[in-house]
Amino acid sequence: MLARIAAPVNAGAMGLEAEIAARALLEFWAAAGVDLEDARALLRARAPAAPRQVAKPSPPQSGRSVAPTPSLSPARRPAPAPLDDARRAAAAATTIAELRAAVEAFEGCGLKATARTTVFSDGVEGADVLLIGEGPGREEDEQGKPFVGRSGQLLDRMLAAIGLGRAANVFISNVVYWRPPGNRPATQGELAACLPFVDRLIALANPKLLLLAGGVAAQTVLRKAEGVTKLRGRRLSHVNPELTKPINTMVMLHPAYLLRQARQKRLAWADLLALEAWLDELGAARNPRL
Ligand code: URA
């Protein structure tokens, strides 16, 4: 298992507290029955060096006892504010390249501790269509690109059926940038930590159409509680805190769901046709020979 572990995302950069928090989280997910062997191996590979021995101060010469300097227990230290950090870093990015660098430098999402790579985007920057999915899986984590595993291959075939493709006219990203250990769902906190970057990406990419793959991407980006079966295939309009104008938005069934539920492909096909018609009305670039 260890031999398959490539260089970690931020080897050496993770502090002791983050390491401890990551281990506690892993134990929690292991107890919940999630297969976490990869993530554990990564943490073993980046285990911190043994703490340095600090010399005990010599007793005071005067004989008076000196009160020890109070050190705040972890529980009493001011909590880090990853959301504020994320908002600041995302707002400072004025291009997609700067946003990618900001995401890569961000330390406020616990998922980074167990991921091999940061998975930010693939496809054509500035494309008319921006597709946002749920988050990296094993293959995406290995290659550092979204949607390259089995569900990505199905996604490519679905998009090609209506003249869309990442090499020509689609830009692809996710609502979290690091693989959750064992492919568990990202927590609300992890999604929230990444959301300022997602909002900023939508604003900077300014697509003619935003395509949200699956319920998690739809609910997170749109801030809606409705399930994907209610949202899919409809012409929606999305405004987030970063946007000055509404963005045309459609939700589609996630290709990973379609791999499990092949009978639902007929719904996905109906949605693709609805999407194709809307793209043409919007004058969005399609290439029917893809
Ligand atoms: N599923 C997603 O939602 N995103 C990916 O990048 C890969 C699989």
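Further up the page is the structure itself.
Per chain, residue numbering runs from 1 following the sequence as it is written. Note on the predicted model: pLDDT of at least 70 is required for a residue's local features to be given, and 80 or more for side-chain atom pairs to be given and counted; whole-chain, interface and lining totals, by contrast, use all residues. As a convention, hydrogens and water are excluded, and side-chain values are obtained from all of the structure's heavy atoms.

**A few points about the overall build of the chain**
A count of helices and strands for the chain gives 11 helices and six strands. Burial analysis of the chain (290 residues in total) assigns 43% to the buried set. The contacts of the chain with a sequence gap of at least 6 include a subset with a gap of at least 24, amounting to 74%. With the model as given, the accessible surface of the chain reaches about 15,200 Å², and the carbon-plus-sulfur share is 55%. Only DSSP runs of H or I with at least four residues qualify as helices, and only runs of E with at least two residues qualify as strands; both kinds are numbered from the N terminus onward. Burial status follows relative accessibility: with a 1.4 Å probe on protein chains alone, a residue under 20% of its type maximum counts as buried, one over 50% as exposed, and anything between as partly exposed. Between two residues, a contact is recorded if the distance between any of their heavy atoms is within 4.5 Å. In these tables, accessible area is a Shrake-Rupley quantity obtained with a 1.4 Å probe, and a residue counts as shielded only by the protein chains included in the view.

**Remarks on the packing of aromatic side chains**
Only Phe, Tyr and Trp rings are paired, with Trp represented by its six-membered ring, and only when their centres lie within 6.5 Å; those with planes under 30 degrees apart are stacked, over 60 edge-to-face, the remainder tilted. In this structure the tally under the stated criterion is four aromatic pairs. Measuring from ring centre to ring centre gives 6.4 Å for Y177 and F197, while their planes differ by 80 degrees; the resulting arrangement is edge-to-face. With a gap of 20 residues between them, Y177 in the loop between β3 (170-174) and α7 (188-205) and F197 in helix α7 connect regions that are remote in the sequence. In terms of burial, Y177 and F197 fall into one category: buried.

**Remarks on unusual backbone geometry**
Phi angles above zero are rare outside glycine, and N206 is one such case at about 45 degrees. Along the chain, N206 falls in the loop between α7 and β4 (209-213). Even without a glycine there, the phi angle at R223 is positive, about 55 degrees. Mapped onto the secondary structure, R223 falls in the loop between α8 (215-222) and α9 (228-231).

**Re the packing of helix α3 (residues 82-92) against α7**
Each pair of packed helices gets described by two things: the angle between the helix axes and the distance between those axes. Running from N to C, α3 and α7 point in directions that differ by 15 degrees, and their axes come no closer than 8 Å. The orientation of α3 relative to α7 falls into the category roughly parallel. For the crossing formed where α3 meets α7, the hand is right-handed. Residues L83, A86, R87, A89, A90 and A91 of α3 pack against A192, A193, P196, F197 and R200 of α7. Residues belonging to the contact of α3 with α7 are distributed by class as follows: nine nonpolar, no polar and two charged. Where helices are involved, their axes are fitted lines through C-alpha atoms of the stretch in contact, as for all axes, and angles between N-to-C directions lie from 0 to 180°. What sets the label is the angle itself: under 35 degrees gives roughly parallel, over 145 gives roughly antiparallel, 65 to 115 gives roughly perpendicular, and the rest give oblique. Two helices crossing with the near one rotated counterclockwise from the far one by less than a right angle form a left-handed crossing, whereas a clockwise rotation gives a right-handed crossing. Throughout this entry, Asp, Glu, Lys and Arg are counted as charged residues, while Ala, Val, Leu, Ile, Met, Phe, Trp, Tyr, Cys and Pro are counted as nonpolar. The remaining residues, Gly among them, count as polar.

In short, the description is geometric, and any link to function would need to be established separately.
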